[in-house]
Amino acid sequence: MRDELDDIHALFHGAPRTTEFKKLRKRIVRMTREAIEQYGMIEKDARWLVCLSGGKDSYTLLAVLHELQWRGLLPVDILACNLDQGQPGFPATVLPKFLEDMGVPHRIEYQDTYSVVMDKIPAGRTFCALCSRLRRGHLYRVAREEGCSAVVLGHHRDDILETFFMNLFHGGRLATMPPKLVNEEGDLFVYRPLAHVAETDCEKFAQAMNYPIIPCDLCGSQDGLQRQQVKQILDGWEANSPGRRQVMFRALTNARPSHLLDTNLFDFANLVRNAGANDEPIKLDLKAGEVPKLR
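Residues numbered from 1 in each chain as written. Predicted model: local features only at pLDDT ≥ 70, side-chain atom pairs only at ≥ 80, totals over all residues. Heavy atoms only, no water.

**Notes on helix H2 (residues 56-70)**
Residues three or four positions apart in an α-helix share a direction because the helix packs 3.6 residues into each turn.
Working step 1: Between its first and last C-alpha, H2 extends 21 Å over 15 residues, near the 21 Å set by a 1.5 Å rise per residue.
Working step 2: The element H2 is extensively covered by neighbouring structure, given that 12 of its 15 residues are classed as buried.
Working step 3: Taken as a whole, H2 has its buried residues at Asp57, Ser58, Tyr59, Thr60, Leu61, Leu62, Ala63, Val64, Leu65, His66, Glu67 and Leu68. (Helix = DSSP H or I, 4+ residues; strand = E, 2+ residues; numbered from the N terminus. Expected span 1.5 Å × (residues − 1). Buried < 20%, exposed > 50% of the residue type's maximum accessible area, 1.4 Å probe, protein only.)

Written as structure tokens, this is what we have:
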């Protein structure tokens, strides 16, 4: 059975009335609210530019934000935005029609970044880095033109985990996509309210709602094989030990600088023992190649 057309918003019309779906919906709403509150995303009289790609994640984001808004838990103005980047085969009419039918305020922005990327990137190289920079620049511009204080993205828990391991394996640093940051110019926030939500939950939700999903690989190049390899590794760990993804995600919220090796985060050089709290660290003055003798 499916709900009648008296739900809180047109985005939820036809929602399944099964207990399983209701639990799923409640879980996504709860986790999104937790992330918004935990990372302080709400500003008074704010306006959010909610980026809609047509994938399962951005549809889920748009729906849950409207539910939180309806419940009085998200006192912000929402403007949906799709950036049509001129990718061959992109169904340009799908999102405008969907947003019109749902009664969602929106802006469709067309910028042919695809041709720029194809011209600049040599054959065989991945497009994602340049493509994302161009996309981000246009979204920031649109946000400013529309009087928005934040650009809101649909990255979920698994995106954040995969990015962490991409940086670990290939970038040589411990970093990922934070739920909240300020852009380089310092005039816009970037929010990821789905930071606590699992990718599988987004997929189940969007499929149950029968949203018109647009494939995310129309350009033929995502993050290349590296991200796919990381996803496969995480899938294997999860299959062998269910719940492993959530444990690893929790670790990202529980960093201990004193148990890592970054001297910019922790002052190891001036670490002292309690018994000699007034002692100063010993500095050895050794000649090149000289090894200190142990007693």
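Moving on, there is more to tell.
**Things to note about the pattern of salt bridges**
Working step 1: Inspection of every chain in the model, using the stated rule, returns 23 salt bridges.
Working step 2: A salt bridge links arginine 33 to glutamate 37, with the shortest nitrogen-to-oxygen separation between them at 3.0 Å. Of this pair, arginine 33 and glutamate 37 both sit in helix H1 (residues 19-38), separated by four residues, roughly a single helical turn.
Working step 3: Arginine 33 sits in the partly exposed class, given a relative accessible area of 36%. (Salt bridge = Lys/Arg side-chain N within 4 Å of Asp/Glu carboxyl O.)

**What about empty space enclosed by the protein?**
Working step 1: This model, assessed by the stated rule, comprises two cavities of 30 Å³ or more.
Working step 2: One number sums up the size of the second largest cavity: a volume of about 30 Å³.
Working step 3: Sorting the residues of the lining of the second largest cavity by element identifies H1 and H2 as the ones contributing at least two each.
Working step 4: Looking at side-chain class alone, the lining of the second largest cavity contains five nonpolar, one polar and two charged residues. (1 Å grid on protein atoms, 1.4 Å probe; cavity = no way out; pocket = protein on both sides within 12 Å on 5 of 7 lines; lining within 4 Å. Points joined across faces, edges and corners; volume = space filled by probe spheres on them. Nonpolar A, V, L, I, M, F, W, Y, C, P; charged D, E, K, R; others polar.)

**Quick notes on the packing of aromatic side chains**
Working step 1: Tallied over the entire structure, the rule returns 12 aromatic pairs.
Working step 2: Geometrically, the ring pair formed by phenylalanine 266 and phenylalanine 268 is edge-to-face, given 4.9 Å between the ring centres and 65 degrees between the ring planes.
Working step 3: Among the aromatic side chains, those forming a connected cluster through ring pairs are Phe12, Phe21, Tyr59, Phe98, Phe205 and Tyr211.
Working step 4: Geometry around phenylalanine 189 places lysine 180 over its ring, the cationic atom sitting 4.9 Å from the centre. (Phe/Tyr/Trp six-rings, centres within 6.5 Å; stacked < 30°, edge-to-face > 60°. Lys NZ or Arg CZ within 6 Å of the ring centre and 35° of its normal.)

**Topic: the layout of surface pockets**
Working step 1: By volume, the second largest pocket is sized at about 550 Å³.
Working step 2: Along the walls of the second largest pocket sit 26 residues, with Phe164, Leu174, Ala251, Leu252 and Ala255 positioned nearest its centre.
Working step 3: Every element with two or more residues in the lining of the second largest pocket is listed here: helix H6 (157-171) and helix H9 (244-252).
Working step 4: Of the residues contributing to the lining of the second largest pocket, the split by class is 20 nonpolar, four polar and two charged.

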